[in-house]
Amino acid sequence: MIRFEHVSKTYVTQRGDLVPALEDISLEVSENEFMTIVGPSGCGKSTLLKLTSGLSPANQGTIHVRENKVTEPLPDVGFVFQHPVLLPWRTVLENVMFSIEMLGLNHRTYNGRALDLLQLTGLEGFETKYPSELSGGMQQRVAICRALVHDPSLLLMDEPFGALDAMTREEMGLELLRIWEERRKTILFVTHSIPEAIMLADRVVVMTPRPGRIARVIEVNLPRPRALEMEFSEHFKTYSQEVRDLIFAPAKERIGVQ
């Protein structure tokens, strides 16, 4: 589905200083795979999503999505950010349909799909409510519906639950897994939470401090559907310790087998 080949990204500050964000990223993501990306702050996790979506160009290397080289923003992608970024003057349904308007798609064709997604995420009956009338978790569900309404094959999620309280975050994680089980999209999910990364993923990409490189890709062999009780299992604890060891290990030990 996605292929990164020796991808590097360096930003230039207003003063002309060079800030390397990513260095030599090579990775393949399978069709319908749920892949999480975890690492220390500033390691380029969000940058990797921006490069994948075509919102920002790589300085070196190439990214292919379905064998097509990424050179511009891709229409077949849904993007969910840490904050819902809903338009306060638009209703829930109008916010979900906003991406349809921006893509110039037929409103009537996708209105039914939007309603189906709202039902799927437990928002049926809230179509005419405004963001200020919703909880944080409900607002993030609207953002997920907005990202899915045009039926993209790839969903990019940049710490979508980071601003939520712990209980709502767990609930949203399970909700996302349920949606993924039903709709089977390819998902790249950035998080700072090690348990969240393991709970959701088929594979976890562990990155090094800036400039971000891949320390290791860990395959998570936990049965699906997942449940919160799995966090107390020895297998889950082993995965957690492996990720922590990679993130906090000295730099010379961090780059291992990918």
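Everything below is about the structure shown above.
Rules of the game
- Residues numbered from 1 in each chain as written.
- Predicted model: local features only at pLDDT ≥ 70, side-chain atom pairs only at ≥ 80, totals over all residues.
- Heavy atoms only, no water.
- Phe/Tyr/Trp six-rings, centres within 6.5 Å; stacked < 30°, edge-to-face > 60°.
- Lys NZ or Arg CZ within 6 Å of the ring centre and 35° of its normal.
- Helix = DSSP H or I, 4+ residues; strand = E, 2+ residues; numbered from the N terminus.
- Buried < 20%, exposed > 50% of the residue type's maximum accessible area, 1.4 Å probe, protein only.
- Polar contact = N/O pair within 3.5 Å; in protein donor to acceptor, adjacent residues only side chain to side chain.
- Contact = heavy atoms within 4.5 Å.
- Axes fitted to C-alpha atoms, helices over the stretch in contact; angles between N-to-C directions.
- Parallel < 35°, antiparallel > 145°, perpendicular 65-115°, else oblique.
- Nonpolar A, V, L, I, M, F, W, Y, C, P; charged D, E, K, R; others polar.
- Salt bridge = Lys/Arg side-chain N within 4 Å of Asp/Glu carboxyl O.
- Pairing = 2+ DSSP bridges.
- Expected span 1.5 Å × (residues − 1).
- Left-handed = near helix turned anticlockwise from the far one by under 90°.

Visitor: Would you mind going over the packing of aromatic side chains with me for this structure?
Guide: Each aromatic ring pair is specified by the distance between its two centres and by the angle formed by the two planes. The tally for this structure, following the rule as stated, stands at 4 aromatic pairs. Seen from their ring centres, Phe79 and Phe81 are 4.6 Å apart, and the 5° between their planes marks the pair as stacked. Taken together, the ring pairs connect Phe34, Phe161, Trp180 and Phe189 into an aromatic cluster. Sitting over the ring of Trp180, Arg184 keeps its end group 4.0 Å from the ring centre.

Visitor: It is not clear to me how the side chain of Arg141 should be interpreted in this structure. Could you clarify?
Guide: Relative to the elements of secondary structure, Arg141 occurs in helix H5 (residues 136–148). For Arg141, a relative accessible area of 12% translates into the label buried. Side chain to side chain, Arg141 and Glu171 meet in a polar contact 2.7 Å long. Setting aside residues up to four positions removed in sequence, Arg141 forms contacts with Thr121, Leu123, Glu171, Met172 and Glu175.

Visitor: Before we go on, may I ask you to explain the packing of helix H4 (residues 107–120) against helix H6 (residues 166–183) in this structure?
Guide: Two quantities define a packed helix pair, namely the angle between the helix axes and the distance between the axes. Running from amino to carboxyl end, H4 crosses H6 at an angle of 135°, the nearest separation of the two axes being 11 Å. The angle between H4 and H6 places the two elements in the oblique class. Contacts between H4 and H6 involve Arg113, Leu117 and Leu120 from the first element and Glu175, Arg178, Ile179, Glu182 and Arg183 from the second. Tallied by class, residues from the contact of H4 with H6 come to 3 nonpolar, no polar and 5 charged.

Visitor: Hey, could you run me through the pattern of salt bridges in this one?
Guide: Think of it this way: side chains of opposite charge can pair up when their charged atoms draw near. In the structure shown here, the tally under the stated rule is 15 salt bridges. As a salt-bridge pair, Arg66 and Glu31 come within 2.8 Å of each other at their nearest N and O atoms. Of this pair, Arg66 sits in the loop between strand E4 (60–65) and strand E5 (68–69) while Glu31 is found in the loop between strand E2 (18–29) and strand E3 (34–38), placing the two residues 35 residues apart along the sequence. On the basis of relative accessibility, which here comes to 41%, the residue Arg66 falls in the partly exposed class. Measuring nitrogen to oxygen at the nearest pair gives 3.9 Å for the salt bridge that ties Lys237 to Glu234. One end of the pair is Lys237 and the other is Glu234, both in helix H8 (residues 234–248) and 3 residues apart, which spans about a single turn.

Visitor: When you look at the sheet that holds strand E1 (residues 2–12) in this model, what are you seeing that I'm missing?
Guide: Adjacent strands of a sheet form backbone hydrogen bonds with each other and so pair up, either parallel or antiparallel. Spatially, 4 strands are ordered E2-E1-E4-E5 in an open sheet, and the strand pairing comes out antiparallel. Since the sheet does not close on itself, it has two edges, and those belong to E2 and E5, each with one partner. In terms of strand pairing, E1 meets E4 through 5 bridges, oriented antiparallel. Following the sheet pairing, Glu5 is matched in E4 by Thr62. Packed on one face of the sheet, helix H1 (residues 45–53) meets E1, E2 and E4 and runs near 115° to E1.

Visitor: What am I meant to see in H5 here?
Guide: Counting along an α-helix, one turn takes 3.6 residues, and residues three or four places apart therefore face a common direction. Across its 13 residues, H5 extends 19 Å between first and last C-alpha, which sits within 8% of the 18 Å expected from 1.5 Å per residue. Burial analysis of H5 places 11 of its 13 residues in the buried class, the great majority of the element. Gly137, Met138, Gln140, Arg141, Val142, Ala143, Ile144, Cys145, Arg146, Ala147 and Leu148 are the residues of H5 that are buried. Residues of H5 that are buried in the fold lie against strand E6 (77–80), helix H2 (92–96), helix H3 (98–102), H4, strand E7 (154–158) and H6.

Visitor: What's the story with the packing of H5 against H6 in this structure? I'm lost.
Guide: Interaxial distance between H5 and H6 falls to 11 Å at its minimum, and their mutual angle equals 25°. For the element pair H5 / H6, the angle class is roughly parallel. For the crossing formed where H5 meets H6, the hand is right-handed. In contact with Gly137, Gln140, Arg141, Ile144 and Leu148 of H5, H6 contributes Thr168, Glu171, Met172, Glu175 and Ile179. Classifying every residue of the contact of H5 with H6 gives 4 nonpolar, 3 polar and 3 charged.

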